[in-house]
Each structure stands twice: as structure tokens, then as C-alpha cells.
Amino acid sequence: VVENGKEAIRKLTSSPFDVVLMDIQMPIMGGIEATKIIRNQLKSEIPIIALTANAIKGDKDKYLNAGMNDYVSKPFEPVELFNCI
């Protein structure tokens with residue numbers, strides 16, 4: 001668990017992970033910006049799932065275009081996240 005996107009990037013460069021559960025709205029650096037860095041600068045193909053309270057039409061496309069693999073809107077049921085993973 002990290003506090004912001006900048007910390008997520010730092011963590012990914014120092015430890016192996018199987019999946020990233022990326023919050024969209026975080027202080028310092030949000031999830032979309034962090035995902036773009038993970039994809040474009042780190043060249044990582046790690047699965048990234050957006051977790052967000054934003055469920056407005058078009059948001060899913062925005063997250064997928066940023067490089068995320070899928071998204072789950074909050075609040076969510078644990079089985080929904082499990083099925084996504």
C-alpha cells in the first residue's frame with residue numbers, strides 16, 4: 001500500500017508485484033499519470049486495475065487509454081474485484 005502515484009512507481013522499481021490496484025485520485029500524482037509512467041518509462045506490462053469512485057460514462061475508456069487493463073468502481077463487492085483480477 002502506498003500513499004500516491006509517485007510512491008507506487010518507486011515501489012514497482014524496487015520490488016516485484018503481480019498486479020497493481022491503482023486509485024485514480026491520489027495526492028502528489030494521480031493514477032492516470034502514474035500508469036502512463038509505468039507503461040511508457042518503466043516499460044512494464046504489469047496488469048493495472050483502476051479503483052475509482054468515478055463511474056461517469058467515458059471514464060472507463062480514459063483509464064484504458066492511459067494503459068490500465070480494467071477498472072472497478074467503488075464501492076465494490078470483493079467478488080467483483082476478484083473476478084476482475
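Residues numbered from 1 in each chain as written. Predicted model: local features only at pLDDT ≥ 70, side-chain atom pairs only at ≥ 80, totals over all residues. Heavy atoms only, no water.

A. View of the sheet that holds strand E2 (residues 48-52). Ordered in space as E1-E2-E3, the three strands form an open sheet in which the pairing is parallel. Looking at strand neighbours, the two that pair on one side only are strand E1 (20-23) and strand E3 (70-73), the edges of this open sheet. Here the average twist between neighbouring strands, direction ignored, is 30°. Summarising the sheet, E1 and E2 pair through four bridges and their orientation is parallel. Bridge assignment links aspartate 23 to a residue of E2, and that residue is leucine 51. (Pairing = 2+ DSSP bridges. Helix = DSSP H or I, 4+ residues; strand = E, 2+ residues; numbered from the N terminus. Axes fitted to C-alpha atoms, helices over the stretch in contact; angles between N-to-C directions.)

B. Layout of the nonpolar core. In terms of nonpolar packing, the biggest core is built from 14 residues, with Ile9, Met22, Ile38, Ile48 and Met68 touching the most fellow members. If you list the elements that add at least two residues to this core, you get E1, helix H2 (31-40) and E2. Looking at this core element by element, the count peaks at three residues for H2. If we skip the residues at most four places from it in the chain, methionine 68 touches Met22, Ile24, Gly31, Ile32, Thr35, Ile48, Ala50 and Tyr63. (Core = buried A, V, L, I, M, F, W, Y, C linked by side-chain atoms within 4.5 Å. Buried < 20%, exposed > 50% of the residue type's maximum accessible area, 1.4 Å probe, protein only. Contact = heavy atoms within 4.5 Å.)

C. Structural context of the side chain of threonine 35. Among the secondary structure elements, threonine 35 is positioned in helix H2. Since its relative accessible area comes to 0%, threonine 35 is described here as buried. Residues in contact with threonine 35, not counting those within four places in the same chain, are Met22, Ile48, Ala66, Gly67 and Met68.

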